[in-house]
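# Coordinates in review
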Amino acid sequence: MKLEELNHRELERWIREMAALCAASEIIIVDGSEEQRKKLIERALQNEELIKLDQDKYPNCYYHRSSPTDVARTEHLTFICTPNEDQAGPTNNWMSPKIAYEKARAIFEDSMRGRAMYVIPFSMGPIGSPRSKIGVELTDSLYVVLSMLIMTRAGKEVLDVLGIDGEFTRCMHGLAERDPKKRLILHFPQDNTIWSVGSGYGGNALLGKKCLALRIASHQARQENWLAEHMLIMGIGDPDGNTTFITGAFPSACGKTNLAMLIPPEQFKKKWSIWTMGDDIGWLFPETNGWLWAINPENGMFGVAPGTNHQSNPNAMKTIESDTIFTNVVLNSDGHVWWEELDDEPPTDGVNWQGLPWYLGMKDAKGNIINGAHPNSRFTAPIKNCPSKSQRTDWPNGVQISAILFGGRRNTLAPLVYEARDWEHGVYIATTMSSEVTAAQERGQGEVRYDPMAMLPFIGYNINDYLSHWLRFGKRLKHPPRIFHVNWFRKGENGQYLWPGYGDNLRVLQWIVKRVHGQVAAIETPIGFMPRPEDLDLAGLNIGEKELNLLFRVDKDEWMIELELREKFLEKLGMTLPVSIYKQHLLLKERIEKM
Ligand code: OXD
Ligand code: MN
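Treat the numbers as computed from the prediction; the structure is a model and nothing was measured. (Residues numbered from 1 in each chain as written. Chains lettered and ligands numbered in written order. Predicted model: local features only at pLDDT ≥ 70, side-chain atom pairs only at ≥ 80, totals over all residues. Heavy atoms only, no water.)

### A word on the overall build of the protein
Regarding its fold elements, the protein presents 16 helices and 30 strands. Over its C-alpha trace the protein gives a radius of gyration of 24 Å, about what one expects of a compact globule, namely 25 Å for 595 residues. In terms of overall dimensions, the protein has C-alpha extents of about 70 × 55 × 50 Å along its principal axes. Classification of the 595 residues of the protein by burial places 61% in the buried group. Computing the positive centroid from 67 side-chain charges and the negative centroid from 75, the protein places the two 3 Å apart. (Helix = DSSP H or I, 4+ residues; strand = E, 2+ residues; numbered from the N terminus. Rg over C-alpha atoms; globule rule 2.2 N^0.38 Å. Buried < 20%, exposed > 50% of the residue type's maximum accessible area, 1.4 Å probe, protein only. Lys, Arg positive; Asp, Glu negative; His and termini not counted. Charge placed at Lys NZ, Arg CZ, Asp CG, Glu CD.)

Next comes the structure, spelled out in structure tokens:
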């Protein structure tokens, strides 16, 4: 397909403008055909952007290595560029649009000389759905092109829906020098535009994902009365034949992808089932029937490899058997991949994520173990490969949502599960959700970090306006979903986890399903509603009464300390924090003090 064949004049003009700025020697429109994809893979193999894996063992799978200084999202280089700083709020980096465009233009200038610029028309959400949004990404990275073909619905069909004058997000991406000093991830909500330069890492470069589907979309969602959230969407099939759909927001390293693809324990397999709609992003809409409905705007998964294995997530292991791009994992000379905690034999002739020879147990000069795969190494795989994929992933309006889960990683304090008293209390619970920093993070071990709705790095506008929007949004719903908080990570006195997690989390979901269908009563506690012991199915689990009590304990002293930490966090959000959030905080304090 040629540029002259585009029917959308503004799209054509913008592509020409950007190609001229970057001095691209060629413009290639990605049409989504299998024939073109194959040609692009050949190009990527030739220029070593991709390495072919053993095609017998991993059909249609490839390997990509990013540069060592470009392996994660760079939040300090990510900006919300609104006319006023106040519109970006107290938690975002802000830059004026004029300065932002100028700085990025200087980096983009001439950066594609002698190389091609690819044009990727993509739809976030099912193509043609009234809920979907269209974006067009321009990039000089074939890794980005081939990943976007997995992560989104991309190609000519999207241009057909766009027509001659349809609205789209301008997503400008370039690798430039991949130098952190010349890297900027810029969002211009007022212009419906994203400019990302200097990084090839997924979260910075696959612009449909965090940049469009969360930051830009959250801004649009506020104006159009919906929510763009960092949430999994899953269905729970029960013995009565009903499927209850829920969403869930968790900060990173809390097992969100594992939960979305959970496999029920053996004794529940006949009667209970799990259906995966999405593992990372949910767009939530009020429907005319008064319920909340959700779509997954994505079409693939960008999952963390280390820790993924046949025990922690068998469905993910099946999903990545074919059609997958692996990034920054270990590669061996047979074209096989490996990562830490993978339950496969580690290679004896491996090359690590930096391209250096590596073997299991290798140590550096100080005697520290050297990992083969980068801790943030990834797989990019199509959702169609997931054995638990819901049939409704392509439904234009998605699925009706009965519950929203919020969770974190807390070794103390938070019980296994509790339910909010009402929507407003639920929004407070979500605002104050938190995780303890784990050994996987470099700094601040044990420190509690607050991450409202797991959206702190992804809210594309002022967080206080975002919280107000949440409060108002639920109050307008005739049938708002119930809100729950879960914590799979509470530890006992001996430092062991009290709850087995993984597939056994189904037991908590069973209680949630019964609650939303009004089948069980609950115990009222100062922090919310908790299960009566008889309503949790613990058959076959080796949990004593003492552990169970610890798992559900609400400890006054721990909560008094927590309330102080929350108070400090809420103070940081400033004077425009919605009154209802602070009111809920004081009500909780009152209930805890009375304990
Ligand atoms: C994330 C991700 O960083 O999903 O949250 O990659
Ligand atoms: Mn995420």
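### Topic: the environment of Glu 321
Structurally, the position occupied by Glu 321 is in the loop between α10 (314–319) and β18 (325–327). Residue class for Glu 321 comes out partly exposed when judged on its relative accessible area of 42%. Through-space distance from the C-alpha of Glu 321 to that of Ala 381 is 9.0 Å; in sequence the pair is 60 residues apart. Beyond its immediate sequence surroundings of up to four residues, Glu 321 is in contact with Lys 57, Tyr 58, Pro 59 and Cys 61. (Contact = heavy atoms within 4.5 Å.)

### Observations regarding helix α15 (residues 556–572)
Along its 17 residues, α15 runs 25 Å from first to last C-alpha, staying within 8% of the 24 Å computed at 1.5 Å per residue. The complete set of buried residues in α15 reads Trp 559, Glu 562, Leu 563, Arg 566, Glu 567, Phe 569 and Leu 570. Considered in projection along α15, the buried side chains sweep an arc of 165 degrees and stay on one side of the axis. Relative to its buried face, α15 has exposed residues pointing more than 90 degrees away, namely Asp 557, Ile 561, Glu 564, Lys 568, Glu 571 and Lys 572. Its buried side turned inward, α15 meets β25 (417–419), α11 (423–431), β26 (434–436), β27 (448–450) and α16 (579–593). (Expected span 1.5 Å × (residues − 1). Arc of directions from axis to C-beta.)

### Re the coordination of the manganese ion (ligand 2)
Within the protein, the atoms that donate to the manganese ion (ligand 2) are Lys 210 (NZ), His 230 (NE2) and Asp 280 (OD), at distances of 2.2 Å. Mapping the donors of the manganese ion (ligand 2) onto the primary sequence yields the spacing K-x19-H-x49-D. In this pair, Lys 210 sits in helix α8 (residues 208–224) while Asp 280 sits in the loop between β14 (273–278) and β15 (282–286), placing the two residues 70 residues apart along the sequence. Both residues of the pair, Lys 210 and Asp 280, belong to the buried class. (Donors = N, O, S within 2.8 Å, 3.2 Å for Na, K, Ca; no water.)

### Describing the sheet that holds strand β20 (residues 337–338)
A sheet is described by the order of its strands in space; here four strands give the open sequence β20-β19-β21-β22, paired in antiparallel fashion. At either margin of the open sheet sits one strand with a lone partner, and together these are β20 and β22 (357–358). Across two bridges, the pairing between strand β21 (residues 350–351) and β22 is antiparallel. Residue pairing across strands places Gly 350 opposite Trp 358, the latter belonging to β22. (Pairing = 2+ DSSP bridges.)

### Notes on the environment of Glu 547
Here Glu 547 shows up in helix α14 (residues 545–552). Given the relative accessible area of 34%, Glu 547 is considered partly exposed.

### Description of the packing of aromatic side chains
The full count for this structure, using the stated rule, is 17 aromatic pairs. Centre to centre, the rings of Phe 484 and Trp 511 are 6.0 Å apart; their planes meet at 80 degrees, and the pair counts as edge-to-face. Within this pair, whereas Phe 484 is found in strand β28 (residues 482–486), its partner Trp 511 is found in helix α13 (residues 506–516), the two being separated by 27 residues in sequence. The class of Trp 511 is buried, set by a relative accessible area of 0%. Aromatic rings pair up to connect Tyr 101, Phe 108, Phe 188 and Trp 195 into one cluster. Its end group placed over the ring of Phe 458, Lys 210 keeps NZ or CZ at 4.5 Å from the ring centre. (Phe/Tyr/Trp six-rings, centres within 6.5 Å; stacked < 30°, edge-to-face > 60°. Lys NZ or Arg CZ within 6 Å of the ring centre and 35° of its normal.)

### Observations concerning the pairing of strand β12 (residues 232–237)
Within β12, six of the six residues are buried, which leaves it mostly tucked inside the rest of the structure. Neither face of β12 is left uncovered, since the one carrying Leu 232, Met 234 and Ile 236 and the one carrying Ile 233, Gly 235 and Gly 237 both have all their residues buried. In terms of strand pairing, β12 meets strand β13 (residues 243–249) through six bridges, oriented antiparallel. Its bridge partner lying in β13, Gly 235 is registered against Phe 245. Hairpin connection from β12 to β13: five residues lie between these consecutive antiparallel strands, with Gly 241 at a positive phi of about 90 degrees. Pairing of β12 with β14 involves five bridges; the strand directions are antiparallel. Directly across from Met 234, in β14, lies its bridge partner Thr 276.

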